[in-house]
Amino acid sequence: MIRTENLTKVYRMGEVEVQALRDVNLEIQDSEFIAIIGPSGSGKSTLLNLIGCLDKPTSGAVFIDGIDTGKLSENGLAEIRREKIGFIFQQFNLIHTLNALENVALPMFFAGMRHETRMERAEELLAKVGLGDRIHHKPSELSGGEQQRMAIARALSNDPEIIIGDEPTGNIDTEAGKVIMDILEGLNREGRTIIVVTHDAEIAARAGRTKRMRDGKVLD
Amino acid sequence: MRDKFLLAFRSIRARRTRSILTVLGIAVGIAAIVSLMSVGYGMEEAITGELTGMADIISVMPGKIMGATYVEMGGFTDRDVKDLQRIGGIKDISAMTYDAVEVEYRNERKPTFVLGGDTKELESFYVEPVGLKEGRWLRENDYKGCVIGDRVANDFFDEVIHVNDKLVINGEKFIVIGAFEKGDMLYANDVDRNIFLTLRAAKEVLQTEEIKHIIVRVYDIDEAEEIAEEIEETINDNHGLDDFATAMTMGSMLEQIGDIFNIIRGVLVGIAAIALIVASIGIMNTMLMSVMERTHEIGVMKAIGAKSRDVLSLFLLESSMVSLVGGVAGCLLGWGVAKGLSFIGSTASGLEIAAIVKPGVLLGGIAVALIVGVLSGFYPARKASKMSPVEAVRYG
Ligand SMILES: Nc1ncnc2c1ncn2[C@@H]1O[C@H](COP(=O)(O)OP(=O)(O)OP(=O)(O)O)[C@@H](O)[C@H]1O
Ligand SMILES: [Mg+2]
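Procedures and definitions
- Residues numbered from 1 in each chain as written.
- Chains lettered and ligands numbered in written order.
- Predicted model: local features only at pLDDT ≥ 70, side-chain atom pairs only at ≥ 80, totals over all residues.
- Heavy atoms only, no water.
- 1 Å grid on protein atoms, 1.4 Å probe; cavity = no way out; pocket = protein on both sides within 12 Å on 5 of 7 lines; lining within 4 Å.
- Points joined across faces, edges and corners; volume = space filled by probe spheres on them.
- Nonpolar A, V, L, I, M, F, W, Y, C, P; charged D, E, K, R; others polar.
- Phe/Tyr/Trp six-rings, centres within 6.5 Å; stacked < 30°, edge-to-face > 60°.
- Helix = DSSP H or I, 4+ residues; strand = E, 2+ residues; numbered from the N terminus.
- Buried < 20%, exposed > 50% of the residue type's maximum accessible area, 1.4 Å probe, protein only.
- Lys NZ or Arg CZ within 6 Å of the ring centre and 35° of its normal.
- Core = buried A, V, L, I, M, F, W, Y, C linked by side-chain atoms within 4.5 Å.
- Near = heavy atom within 4 Å.
- Polar contact = N/O pair within 3.5 Å; in protein donor to acceptor, adjacent residues only side chain to side chain.
- Areas by Shrake-Rupley, 256 points an atom, 1.4 Å probe, with all protein chains shown as cover.
- Contact = heavy atoms within 4.5 Å.
- Buried area = accessible area lost by both parts, 1.4 Å probe.
- Salt bridge = Lys/Arg side-chain N within 4 Å of Asp/Glu carboxyl O.
- Pairing = 2+ DSSP bridges.

Undergrad: Is there a simple way to explain the layout of surface pockets in this structure?
TA: Any empty space left between atoms is shown by rolling a water-sized probe over those atoms. Quantified by volume, the second largest pocket comes out at close to 380 Å³. What lines the second largest pocket is a set of 17 residues, among which Asn49 and Asp166 of chain A together with Val390, Val393 and Arg394 of chain B lie closest to the centre. Taken together, the residues that form the lining of the second largest pocket break down as seven nonpolar, eight polar and two charged.

Undergrad: Honestly, the packing of aromatic side chains in this entry has me stumped. Any pointers?
TA: To describe a pair of aromatic rings, you give the distance between the ring centres and the angle between the ring planes. Summed over the entire model, instances satisfying the criterion amount to eight aromatic pairs over all chains. With a centroid separation of 5.6 Å and an interplanar angle of 70°, the aromatic rings of Tyr105 of chain B and Phe157 of chain B are classed as edge-to-face. One end of the pair, Tyr105 of chain B, is in strand 4 (residues 90–105); the other, Phe157 of chain B, is in the loop between helix 5 (150–154) and strand 8 (166–169), and 52 residues separate them in sequence. The buried category is assigned to Phe157 of chain B, whose relative accessible area is 3%. Counting every residue linked through ring pairs, the aromatic cluster contains Tyr126, Trp137, Phe180 and Phe196 of chain B. The aromatic ring of Phe63 of chain A is capped on one face by Arg3 of chain A, whose charged end is 4.5 Å from the ring centroid. A cation over a ring is seen here: Arg200 of chain B above Tyr143 of chain B, with NZ or CZ 4.2 Å from the ring centre.

Undergrad: Help me out: how do you make sense of the nonpolar core in this one?
TA: Nonpolar side chains in soluble globular proteins tend to end up buried together. Of all hydrophobic cores here, the largest spans 48 residues; its most connected members are Leu47, Leu106, Phe110, Ile164 and Ile195 of chain A together with Met301 of chain B. The next biggest cluster of nonpolar side chains, apart from the first, holds 37 residues, and it includes Ala122, Leu126, Leu131 and Ala207 of chain A.

Undergrad: Can you walk me through the site of ligand 1 in this structure?
TA: As a matter of local geometry, ligand 1 sits amid 15 residues, with Ser40, Gly41, Lys44, Ser45 and Thr46 of chain A nearest to it. The residues that come close to ligand 1 belong to more than one chain, namely chains A and B. Within the backbone of Gly41 of chain A, an N or O atom sits 2.8 Å from an oxygen atom of ligand 1. Within the side chain of Thr46 of chain A, an N or O atom sits 2.5 Å from an oxygen atom of ligand 1. Expressed as a share of its isolated accessible area of 630 Å², the protein-covered part of ligand 1 is 70%. For the shell around ligand 1, the secondary-structure elements that each account for two or more residues are strand 1 (2–13), strand 2 (16–28) and helix 1 (44–51) of chain A. Of the residues that constitute the shell around ligand 1, the class distribution is five nonpolar, seven polar and three charged.

Undergrad: Help me understand the interface of chain B and chain A in this model?
TA: Reports often express the size of an interface as the amount of accessible area lost when the parts come together. With 25 residues of chain B at the contact, the number on the chain A side is 23 residues. Across the interface of chain B and chain A, roughly 2300 Å² is buried in total on both sides, 62% from carbon and sulfur atoms. Among the residues chain B hides against chain A, the three largest losses belong to Arg10, Ile304 and Lys307 of chain B. Together they make up 25% of the total. Viewed at the interface, chain A and chain B are joined by one salt bridge. One salt bridge connects Glu79 of chain A with Lys307 of chain B, and the closest N-O pair in it is separated by 2.5 Å. Where chain B packs against chain A, one counts four residue pairs in polar contact (both at pLDDT 80 or more). Ranked by residues supplied to the side of chain B that touches chain A, first place goes to helix 1 (residues 2–14) of chain B with seven residues. Of the residues assigned to the side of chain B that touches chain A, the class counts are 11 nonpolar, four polar and 10 charged.

Undergrad: Explain unusual backbone geometry here, please?
TA: Note on backbone geometry: most residues besides glycine have negative phi, and most peptide bonds are trans. Residues and elements named next belong to chain A. Non-glycine residue Asp23 carries a positive phi angle of around 40°. Checked against the element boundaries, Asp23 lands in strand 2. For Glu167, which is not a glycine, the phi torsion comes out positive at approximately 45°. By the element assignment, Glu167 lies in the loop between strand 7 (162–166) and helix 6 (174–189).

Undergrad: Would you take a moment to explain the pattern of salt bridges for this structure?
TA: Side chains that carry opposite charge are capable of pairing whenever their charged atoms lie near each other. Residue and element names in this part refer to chain A. Applying the stated criterion across every chain yields a total of 40 salt bridges over all chains. Taking the shortest distance from any N to any O, the salt bridge between Glu17 and Arg12 comes out at 2.7 Å. The network of salt bridges with common partners includes Lys128, Asp159, Glu190 and Arg192.

Undergrad: I tried to follow the pairing of strand 4 of chain B on my own but got confused; where do I start?
TA: Here is the key point about a regular strand: its side chains alternate between the two faces of the sheet. Residue and element names in this part refer to chain B. With six bridges joining them, strand 4 and strand 11 (residues 213–218) adopt antiparallel strand pairing. Of the residues in strand 11, the one forming a bridge with Ser94 is Ile215. Taking the residues between adjacent antiparallel strands as the criterion, strand 4 and strand 5 (residues 108–117) are bridged by two residues, where Arg106 takes a positive phi near 45°. Pairing between strand 4 and strand 8: two bridges, direction antiparallel. Looking at the pairing, Val103 lines up with Ile169 of strand 8.

Below, the structure is given as C-alpha cells:
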C-alpha cells in the first residue's frame, strides 16, 4: 500500500516560491490501477516523482508498504527504486548507447544479478512486451511506441510491485498508446499496482479509479 | 566487473567522436610534457656526457682568468714540466705550444693558429672526441706533416684543402696528412681554426721554446683539485710570481658551465610546468564536458535504481580507460616528437643532441593523464550522482 501524509512540495527559484503540492493525503491500495488527471501545472508529475522516490518532499511523508521513505538514506531510496518501483517516463529515457537487451538488463546489473540470468530475463521481458525480435536494436532504431515498450520491460526487470507512468502515452500516437495501455492492464491483472498520469480521458477511463488534481491538491 | 568494463567500453565507443577528441586532448598535453623533458635531458646529456669523460684532466695555462677574459703572462719552460713530474698522483703530462701564424695556400695568405704537442696526448684530447674526416693522425716523426681543423680546410681559403695538399706556415712547407671533422660545441673554437703539428715542428715554426699549455691527467679524480693547487704553487715558485699559472680541473670548468646549465634546466622545467598546466586544463575541460553532457544519463540510471557509487564507479572506470589510452598515445606521440625535434635540432645546429626518453618520464606522463583525467572526471560525476534523479533527468 502507498500512503501520502500531508505531502507538500515547494520549488524555490530565487525569490519566487512555487507551491507544487499542498498537503496531499492519498491512499493507493495494492493491485489498484489508478489514473491521475488534471490541468498542466497542477502538480501531477511532482506527486509521481515523490511517490516514486525520485525526489524528496518539502514536508509530509510517503509510506510504501509501511516504510517511511523520508527516513531512508540515499542508498535506501535507491534500493526502493530498484526493487519496488518501475518508473516509465513520457520521454522514455532509455540509454541510447545500449541496445534493447542491455537497457532492460541495466536495473538487474545494479541489483548485482549474474550476467546470464540478466540476459535471459531481459529477453523474456522483451518478448512479453512484443519486442522479442528487436533485442539487439538500439532505442534510436525503434518507433516511439516500441521504445516505450522497451522502457516498460526495463521497469519490470526487478519484478516491482508498483509501476508508475508519467504520461506514458504522451509522446506516441493513439494506436501505439492503446498497446501500452493493454500492457499496463495486463500488469495490473498480474497483481501490480499501476499509477498513471494522463491527459487522455479515454485512457483514464480504463483505470479502476481516477483522481483529479488542481493547484497542487488532489480533489475528492 | 567484466560487465562494467563492457558497459564503459560501450559508452566510449558509442560516443566515438567525443571519445577520440578527449583522448586527443589528453594525448597532446602529455606529448608536450614528454617531448620537452626528453629533449631537455638530451641537451643536458650531450654536454655533461662529454665533459665527464674528461674528468681526470687538469688544464694548466700561463696566465690568469680575470672575469671573462684571459690574460697571458708568458710561457712555461721545460723546467716547469720537469718539476710537475715530481708531483704525486699525476698519470701523465703533455706540453703544448700554440700561437698565431700566417698560412699560405695557393698564393692566398690567412692568419690562423698552430698547435703543437705530444701526438699521443693530442690524439686522446682532440682526435678521439672530434674524429677525423680525412687522412690519418700525426705520428711523432711526422715532422713535416700537419692535420687541419674543419674551418681551415673548408672556409679559410677559396679552395678547399685536402689530404696531400701543401701549406706554407711562417715560411715553412708542410704537407696535409689529415683533416678533422667539424668540432662540436666545446671543441669548435679549439679544433676548427687550428693547424696541428708535432711539438718539435711547432717550436720551430713558432720559433719559441715556450710552452703555452700543459695538460695533466691524474689517477684519482677526487685528488684533482689538490693536485691543481700544487701545480699552481710549483710553477708560481719557478717564475717568482704568485699568480703566474692557472690550473683548472674539469670539475671546476663544469661548475662554471653548471650555471648556464641551471638556467637551461630552469627554462626547461618552466616550459614543462606550463605544458603540464595547459595539458591539465585541457584534460579537465574535455573530461568535465564529457561527463556533464551525461548528467541526464546519470539521472536515468539513478531513477532505475543505481546508487551513487554504482554511477560513480562506472564513470570513473570510463574516464580512467579514456585517460589511460590518452596517456599512452601521448607518450608515443611525445616520443616521436622528441626524436623529430632532436633530429631537426641536430641537423640545423650540427650538434649531436639525441633526445633521451626516460621510462620515468613516460610513466610520469601516463600517471599525470590518469590522475588529472580521473580526478576531473570524478568531480562532475560525483556532482551529478548527488543530484536528485528528477533534477538530473531534467538536465539536457
Ligand atoms: N524543478 C522545478 N522548479 C521550479 N518549479 C517547478 C519545477 N518542477 C515543477 N515546477 C512547478 O511546479 C508546478 C507543478 O509542476 P508539475 O510538473 O508537477 O505539473 P504537471 O501537473 O505535471 O504539469 P504537466 O501536465 O504540464 O506535466 C508547476 O507550476 C511547475 O512550474
Ligand atoms: Mg507533468
